[in-house]
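Residues per chain, in single letters:
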Amino acid sequence: MLKTFLNDESGATAIEYALITALIAILLVPGLTNVGTNLNGSFTTISTSF
């Protein structure tokens, strides 16, 4: 039973997926914020034109 527990790597895989997901989220947040800011400026320009 102890040997099975030591050889089980499913927890390590879950941690790896969590780290990959966190890294993707950290990279996406600033990019999406920048896109939102640019869109807001575009909509402001369009609305001022009308």
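Right above here is the structure, for reference.
Residues numbered from 1 in each chain as written. Predicted model: local features only at pLDDT ≥ 70, side-chain atom pairs only at ≥ 80, totals over all residues. Heavy atoms only, no water.

K.L.:
Pulling in residues and values, what's your account of the overall build of the protein chain?
P.N.:
Of regular secondary structure, the protein chain possesses 2 helices and 0 strands. Computed over the C-alpha atoms, the radius of gyration of the protein chain is 22 Å, more than 25% above the 10 Å expected from 2.2 N^0.38 for a compact globule of 50 residues. Expressed as lengths along the three principal axes of its C-alpha atoms, the size of the protein chain is roughly 75 × 15 × 5 Å. With 50 residues in all, the protein chain has 0% of them scored as buried. Split by element, the accessible area of the protein chain, about 4,700 Å² in all, is 71% carbon and sulfur. (Helix = DSSP H or I, 4+ residues; strand = E, 2+ residues; numbered from the N terminus. Rg over C-alpha atoms; globule rule 2.2 N^0.38 Å. Buried < 20%, exposed > 50% of the residue type's maximum accessible area, 1.4 Å probe, protein only. Areas by Shrake-Rupley, 256 points an atom, 1.4 Å probe, with all protein chains shown as cover.)

K.L.:
Break down a nonpolar patch on the surface for me, citing the residues and quoting the values.
P.N.:
A grouping of Tyr17, Ile20, Ile24, Leu28 and Leu32 is seen on the molecular surface, where their side chains present a nonpolar patch of about 540 Å² in accessible area. Relative to the elements of secondary structure, tyrosine 17 occurs in helix α2 (residues 10–49). (Patch = residues over 30% accessible without salt bridge, like charges linked within 9 Å, V, L, I, M, F, W, Y side chains within 5 Å. Salt bridge = Lys/Arg side-chain N within 4 Å of Asp/Glu carboxyl O.)

K.L.:
I'd love a proper account of the environment of leucine 27, names of residues and values included.
P.N.:
Within the element layout of this structure, leucine 27 appears in helix α2. For leucine 27, a relative accessible area of 59% translates into the label exposed. Considering only alpha carbons, one finds leucine 27 and tyrosine 17, 10 residues apart in sequence, at a separation of 15 Å.

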